[in-house]
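Tertiary structure, described
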Amino acid sequence: MISIVIATYNREKTILRAIYSILNQKFDAYEIVIVDDGSKDNTKQIIENLNNEKIKYFYIENSGAGNAKNYGVMQCSYPYIFTLDSDDELYPDDSILENIAKTLMDGFDIVSYSNIIKIFPNGQTVETMSKVKSMKDYILNYPLNYPGKPPYVVKKSLYLKAGGLNTDEKWGEAILFWRELFLLNPKYKMIDGIAYIYHLEGNDNVSKGCVSKDKRIDMVYNSIFNAYNRFFEKLDKNQKINWEIVLLGISLIRKKNIKFFVNRLLERNKLLCFKGFSYILCKRLKKYL
């Protein structure tokens, strides 16, 4: 029923933790599709030594996480899929896949969770997302909004219809994907609880800190700006302002394109701009409180 895609690159030290977090589930109707994105370490030998019929292993030339995940989805046998990073793990609750499967059987196209554990070098936190009236509106309201917390379980046919992850971006490859997906008006359900542990102790990928600050800021800007242009006609007035405020903030950090977004916002309704600044300020405060 469920295929779990693990894209990996030189993660011999963590991939077993990810795999066993799935193998320890009591639900049995699943497969693990591992896409090795050109690893140079012992990842392949580690997977082969498991000799587990639940695991399908594919080695491809290094082409980036987004492409590896898309490739993995194409190899999936089951109608529902989710991705698990090879340095993360499912929460140690053996009923997670069972609970997801029961929810999917009620006719939902997308299922996620409300909480996530994030582990940092100096400790851990639990992040919680409150329920929203419309997940589609929530996703379009702000470029960094995601539909709850992972795992994000999606009907494979919809994943493909939405075009999969954006392989042109080195950061934020899912920004386009989630908006394309929710514009298809899927049936969505958020399960209360924790199902995923996000490890941030390492520094071997873009989102977790392997590039310089300036380069990362440029990648964030480019990804959001490209999505802004892509969905401009589908955003309402409030949503356009929210995106422009975010892009202005990043432009101030980059010291580039500031005038463009200042002029855009000066053309907007002042009350809507005030509401937009208030919305984004509240989001940032919630992150740190």
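Along each chain, numbering runs from 1 in the same order as the chain's sequence is written. Two thresholds apply to this predicted model, a pLDDT of at least 70 for residue-level local features and 80 or more for giving and counting side-chain atom pairs, whereas whole-chain, interface and lining totals are computed over all residues. The side-chain quantities take in all heavy atoms of the structure and omit both hydrogens and water.

Some words on the packing of aromatic side chains
Two rings from Phe, Tyr or Trp (for Trp, the six-membered ring) form a pair when their centres sit within 6.5 Å of each other. Planes less than 30 degrees apart are called stacked, planes more than 60 degrees apart edge-to-face, and all others tilted. Taken as a whole and assessed by the stated rule, the structure comprises 14 aromatic pairs. When the ring of Tyr152 is compared with that of Trp178, the centres are 5.1 Å apart and the planes differ by 65°; the resulting orientation is edge-to-face. Placement of the pair is Tyr152 in strand β8 (residues 149-155) and Trp178 in helix α7 (residues 173-182), with a sequence separation of 26 residues. For each residue, the accessible area found with a 1.4 Å probe, counting protein chains only, is set against the maximum for its type, and the residue is called buried under 20%, exposed over 50%, and partly exposed in between. When its relative accessible area of 4% is taken as the criterion, Trp178 is described as buried. Taking the centre distance of 4.9 Å and the plane angle of 50° together, the rings of Tyr159 and Phe177 count as tilted. With a gap of 18 residues between them, Tyr159 in helix α6 (residues 156-161) and Phe177 in helix α7 connect regions that are remote in the sequence. On the accessibility criterion, Tyr159 (4% relative accessible area) is buried. For Phe177, a relative accessible area of 3% gives the class buried. Among the aromatic residues, ring-to-ring pairing joins Tyr152, Tyr159, Phe177, Trp178, Phe182 and Tyr188 into one connected group. Of note, Lys54 hangs over the ring of Tyr30, and the distance from its end group to the ring centre comes to 4.6 Å. A ring has a charge above it when a Lys NZ or an Arg CZ is no more than 6 Å from the ring centre and no more than 35 degrees off the ring normal. Between the NZ or CZ atom of Lys240 and the centre of the ring of Phe232, over which it lies, the distance is 4.1 Å. Helix and strand definitions follow DSSP, with helices as H or I runs of at least four residues and strands as E runs of at least two, each counted in order from the N terminus.

What about the side chain of Asp109?
Looking at the element boundaries, Asp109 is found in the loop between α4 (96-104) and β6 (110-120). Any two residues whose heavy atoms approach within 4.5 Å are treated as being in contact. When near neighbours in sequence (up to four residues on either side) are disregarded, Asp109 contacts Tyr80, Val153, Val154, Lys155, Leu158, Pro186 and Lys187.

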